[in-house]
Amino acid sequence: MKQKTKAKVILHKKLQEGIYDLRLGTDLAQDARAGRFIGIYTSDRSKLLPRPISICEYDRDGNMLRLVYRVTGPNTGTEEISHLTPGDDVDILGILGNGYDTEMIAANYAHPVIMGGGIGIPPMLGLARELDEAYHGKGNITSILGYRDSNLFLAKGFEDSSKVYIATEDGSAGTHGNVLDVMKQNEHFDISAAGETADVMDTNLATCDVILACGPMPMLRAIAAYAREKNIKAYVSLEERMACGIGACLGCITKTRGIDGHSHVHNARICTDGPVFDADDLDL
């Protein structure tokens with residue numbers, strides 16, 4: 001059940017220009033799951049609705065939520081949040097949204113590939129670690145992370161639970177291109193020529209049977225199309241489109257292939273029905 005409560009700022013630091021790492025002490029960590037989010041209220045009375053920010057990681061033992069977010073511009077809710085300092089109290093609403101069902105994924109798929117692009121990368125870190133637990137540390141998990149340049153925030157954190165590939169738009173690190181360029185370059189690895197070792201099997205992205213993605217909408221559209229072409233299951237998080245995060249503003253409507261039983265239209269609200277969806281259910 002979602003609730004409004006106060007959280008304590010434990011740590012807050014800048015990771016790179018415009019991107020911040022915020023740790024909050026709150027009992028809501030007990031209900032956190034990969035792909036879900038919270039709303040953070042600001043003190044600006046002109047901004048009555050909370051700012052939705054995805055959960056990067058959570059620590060239930062320590063009652064801590066980690067949020068890694070981007071400041072969207074001056075005089076915005078996220079710009080105000082960026083001024084919080086350790087010891088501050090802040091009003092939050094959570095836990096919100098529907099995340100990734102990692103138990104189902106571990107039970108039904110042998111090689112999940114996580115794809116994160118830009119500020120869609122933070123929630124995928126928690127997903128990688130939650131998946132690793134679901135596979136009891138014995139899963140074949142791959143993470144493909146897409147950045148603009150060599151400022152690879154959070155990339156190291158994925159290495160504990162998955163094999164990591166990097167793509168950069170400017171070619172300064174990893175593959176020059178996007179996450180799907182990495183996928184396509186590694187899906188035809190010749191195992192027979194190298195011998196069937198564990199490392200080779202990890203490199204063979206042709207064994208991918210489910211894609212879990214979060215990032216800009218053009219990236220998600222391309223991933224959904226690729227998954228349909230290759231007959232790979234895909235689950236995508238549309239969190240980039242959220243505004244209020246609680247279904248009040250109706251600013252995050254997405255088109256669906258099926259008809260909503262309540263409204264009788266081909267629409268879903270990303271913040272309340274998602275943000276994670278089966279790509280087959282969406283009209284991207």
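Just above sits the structure.
Residues numbered from 1 in each chain as written. Predicted model: local features only at pLDDT ≥ 70, side-chain atom pairs only at ≥ 80, totals over all residues. Heavy atoms only, no water.

Asks: Got a sec to walk through helix α4 (residues 179–186)? Specific residues and values, please.
Replies: Of all the residues in α4, the buried ones are Val179, Leu180, Val182, Met183 and Asn186. The buried side chains of α4 occupy one side of the element, clustering within an arc of 155 degrees when seen end-on. Measuring from the side-chain oxygen of the N-cap residue of α4 to the backbone nitrogen of Leu180 gives 3.0 Å; that N-cap residue is Asn178. (Buried < 20%, exposed > 50% of the residue type's maximum accessible area, 1.4 Å probe, protein only. Helix = DSSP H or I, 4+ residues; strand = E, 2+ residues; numbered from the N terminus. Arc of directions from axis to C-beta. Polar contact = N/O pair within 3.5 Å; in protein donor to acceptor, adjacent residues only side chain to side chain.)

Asks: How would you explain the layout of surface pockets if you had to name every residue and give the values?
Replies: Gaps between atoms show up when a probe of the same size as a water molecule is rolled over them. A volume near 210 Å³ is recorded for the second largest pocket. Residue lining of the second largest pocket: Arg33, Glu57, Tyr58, Arg60, Thr102, Glu103, Gly126, Arg129, Glu130, Glu133 and Ala134, and that is the complete set. If you list the elements that add at least two residues to the lining of the second largest pocket, you get β5 (57–59), α2 (102–108) and α3 (122–134). Considering every element that reaches the lining of the second largest pocket, the biggest residue donor is α3, with five residues. A breakdown of the residues in the lining of the second largest pocket according to their chemical character gives two nonpolar, two polar and seven charged. Per-domain counts for the lining of the second largest pocket show at least three residues from each of domain 1 (5–96) and domain 2 (102–237). (1 Å grid on protein atoms, 1.4 Å probe; cavity = no way out; pocket = protein on both sides within 12 Å on 5 of 7 lines; lining within 4 Å. Points joined across faces, edges and corners; volume = space filled by probe spheres on them. Nonpolar A, V, L, I, M, F, W, Y, C, P; charged D, E, K, R; others polar. Domains from an automatic or database assignment.)

Asks: Describe in detail the sheet that holds β5, supporting the description with residues and values.
Replies: Think of a sheet as strands paired side by side through backbone hydrogen bonds, with each pair either parallel or antiparallel. A sheet is described by the order of its strands in space; here seven strands give the open sequence β4-β3-β7-β1-β2-β6-β5, paired in antiparallel fashion. Pairing within the sheet leaves two strands with one partner each, and these edge strands are β4 (51–54) and β5. Taken over all neighbouring pairs, the strand axes of this sheet differ in orientation by 35 degrees on average, direction set aside. Two strands pair when backbone bridges link them, and strand β3 (residues 37–40) and strand β7 (residues 89–96) are joined in this way by three bridges, in the antiparallel orientation. Bridge pairing in β7 links Phe37 to Leu96. (Pairing = 2+ DSSP bridges. Axes fitted to C-alpha atoms, helices over the stretch in contact; angles between N-to-C directions.)

Asks: Residues and numbers for the pairing of strand β2 (residues 19–25), please.
Replies: Consecutive side chains of a regular strand alternate in pointing toward one face of the sheet and then the other. Of all seven residues in β2, six are buried; the element is thus mostly enclosed. With seven bridges joining them, strand β1 (residues 3–16) and β2 adopt antiparallel strand pairing. Bridging across to β2, Lys8 finds its partner in Gly25. Between β1 and β2, which follow one another and run antiparallel, lie two residues, and Gly18 among them has a positive phi close to 85 degrees. Here β2 pairs with strand β6 (residues 64–70) via seven bridges, running antiparallel. Bridge pairing in β6 links Leu22 to Leu67.

Asks: Give a detailed account of α3, specifying residues and quantitative values.
Replies: In an α-helix, one turn spans 3.6 residues, which is why side chains three or four residues apart end up on the same side. The end-to-end C-alpha distance of α3, which contains 13 residues, comes to 19 Å, matching closely the 18 Å that a straight helix rising 1.5 Å per residue would cover. All of the buried residues in α3 are Pro122, Pro123, Met124, Leu125, Gly126, Leu127, Ala128, Glu130 and Leu131. Note on α3: the residue one or two positions beyond its end, His136, has a positive phi of about 55 degrees. (Expected span 1.5 Å × (residues − 1).)

Asks: For the environment of His176, give the residues involved together with the corresponding values.
Replies: Within the secondary structure layout, His176 lies in strand β11 (residues 175–176). Judged by its relative accessible area of 56%, His176 falls in the exposed class. On a C-alpha basis, the gap between His176 and Ile166 in space is 8.9 Å, while along the polypeptide they are ten residues apart. When neighbours within four sequence positions are excluded, His176 is seen to be in contact with Thr168, Glu169, Asp170, Gly171 and Asp181. Here the side chain of His176 touches Glu169 through a polar contact of 3.0 Å, landing on its backbone oxygen. (Contact = heavy atoms within 4.5 Å.)

Asks: Can you explain empty space enclosed by the protein? Please cite residues and give values.
Replies: Following the criterion strictly, the structure yields one cavity of 30 Å³ or more and no others. In this structure, the largest cavity spans a volume of roughly 30 Å³. Around the largest cavity, the lining residues are Gly35, Ser54, Tyr100, Pro123, Met124, Cys214, Ser237 and Glu239. Taken together, the residues that form the lining of the largest cavity break down as four nonpolar, three polar and one charged.

Asks: Explain the pattern of salt bridges to me, using residue names and the numbers behind them.
Replies: Opposite charge on two side chains permits them to pair, given that their charged atoms come into close proximity. In this structure the tally under the stated criterion is 13 salt bridges. For Asp91, the salt bridge goes to Lys6, with nearest N and O atoms at 3.0 Å. With Asp91 in strand β7 and Lys6 in strand β1, the pair connects residues that are 85 residues apart, well separated along the chain. Relative accessible area serves as the criterion here: at 25%, Asp91 is assigned to the partly exposed category. Relative accessible area serves as the criterion here: at 53%, Lys6 is assigned to the exposed category. Salt-bridge contacts for Arg66 lead to Glu57; the nearest nitrogen and oxygen are separated by 2.7 Å. Judged by its relative accessible area of 14%, Glu57 falls in the buried class. (Salt bridge = Lys/Arg side-chain N within 4 Å of Asp/Glu carboxyl O.)

Asks: Tell me about the environment of Asp61, residues and numbers included.
Replies: Looking at the element boundaries, Asp61 is found in the loop between β5 and β6. Judged by its relative accessible area of 81%, Asp61 falls in the exposed class. Taking the C-alpha atoms as reference, Asp61 lies 8.4 Å from Gln30; in sequence the two are 31 residues apart.

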